[in-house]
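Each chain, letter by letter, is given below.
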Amino acid sequence: MTDKSAEHLQQQIDSANSYIEELQTKVAFQEYTIEALNDALSSQQKQLDDLAFKVRHVVDRVKSIEPSNIAKQSEETPPPHY
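In the annotation of an unreviewed UniProt entry, the chain is listed under the name Protein SlyX homolog and assigned to Alteromonas macleodii. Quoted straight from UniProt, the Sequence similarities (unreviewed entry) entry for the chain says "Belongs to the SlyX family."

Here you go:
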């Protein structure tokens, strides 16, 4: 092997190492981003579950309220002095 081919091979190895380092950096950043997104999604899902529970509770409470004994204004008969 000549010095020129050895130098060319070393440049290719250095280039490949640089590319590998770049890929490793990107993968590390993506792993961090995925973890952050997962945490945000988990938090939002918990909030959604809490809100769904509260809405069901409010709906159940509204359904359990007994109707009022007071008639609506449109259903009232006019007083006798009319």
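Caption draft 1: Examining the overall build of the chain more closely. Of the regular secondary structure elements, the chain holds one helix and zero strands. Relative to its length of 82 residues, the chain is extended, with a C-alpha radius of gyration of 36 Å against a globular reference of 12 Å. Each of the three principal axes of the chain carries a C-alpha extent, and together these read 120 × 25 × 10 Å. Burial analysis of the chain (82 residues in total) assigns 0% to the buried set. Total accessible area computed for the chain in this model is approximately 8,300 Å², and 58% of it derives from carbon and sulfur atoms. Charge centroids of the chain, computed over 8 positive and 14 negative side chains, lie 12 Å from each other.

Caption draft 2: Here's a closer look at the UniProt feature "coiled-coil region" (unreviewed entry) in the chain. UniProt feature "coiled-coil region" (unreviewed entry): in the numbering of this structure it lies at residues 6–54. In the segment residues 6–54, helix accounts for 100% and strand for 0%; the C-alpha atoms at its two ends are 71 Å apart.

Caption draft 3: Broad picture of the pattern of salt bridges. Evaluation of the coordinates by the stated rule reveals two salt bridges. A salt bridge links Lys-26 to Glu-22; the shortest N-O distance between them is 3.5 Å. Residue Lys-26 and its partner Glu-22 are located together in helix H1 (residues 3–64), separated by four residues, close to a single helical turn. Look at Glu-22 and you get partly exposed, because its relative accessible area is 41%. Put simply, Asp-50 and Lys-46 hold a salt bridge, and the shortest N to O gap is 3.2 Å. With Asp-50 and Lys-46 both in helix H1 and four residues apart, the pair spans about one turn of that helix. Among the residues examined, Asp-50 registers a relative accessible area of 35% and is labelled partly exposed.

Caption draft 4: Expanded view of a nonpolar patch on the surface. Where nonpolar side chains cluster on the molecular surface, the patch consists of Val-58, Val-62 and Ile-65 and spans about 290 Å² of accessible area. Along the chain, the position of Val-62 falls in helix H1. Residue Val-62 is classed as exposed on the basis of its relative accessible area of 53%.

About the thresholds
- Residues numbered from 1 in each chain as written.
- Predicted model: local features only at pLDDT ≥ 70, side-chain atom pairs only at ≥ 80, totals over all residues.
- Heavy atoms only, no water.
- UniProt positions renumbered as here; feature names shortened; annotations may be inferred.
- Helix = DSSP H or I, 4+ residues; strand = E, 2+ residues; numbered from the N terminus.
- Rg over C-alpha atoms; globule rule 2.2 N^0.38 Å.
- Buried < 20%, exposed > 50% of the residue type's maximum accessible area, 1.4 Å probe, protein only.
- Areas by Shrake-Rupley, 256 points an atom, 1.4 Å probe, with all protein chains shown as cover.
- Lys, Arg positive; Asp, Glu negative; His and termini not counted.
- Charge placed at Lys NZ, Arg CZ, Asp CG, Glu CD.
- Salt bridge = Lys/Arg side-chain N within 4 Å of Asp/Glu carboxyl O.
- Patch = residues over 30% accessible without salt bridge, like charges linked within 9 Å, V, L, I, M, F, W, Y side chains within 5 Å.

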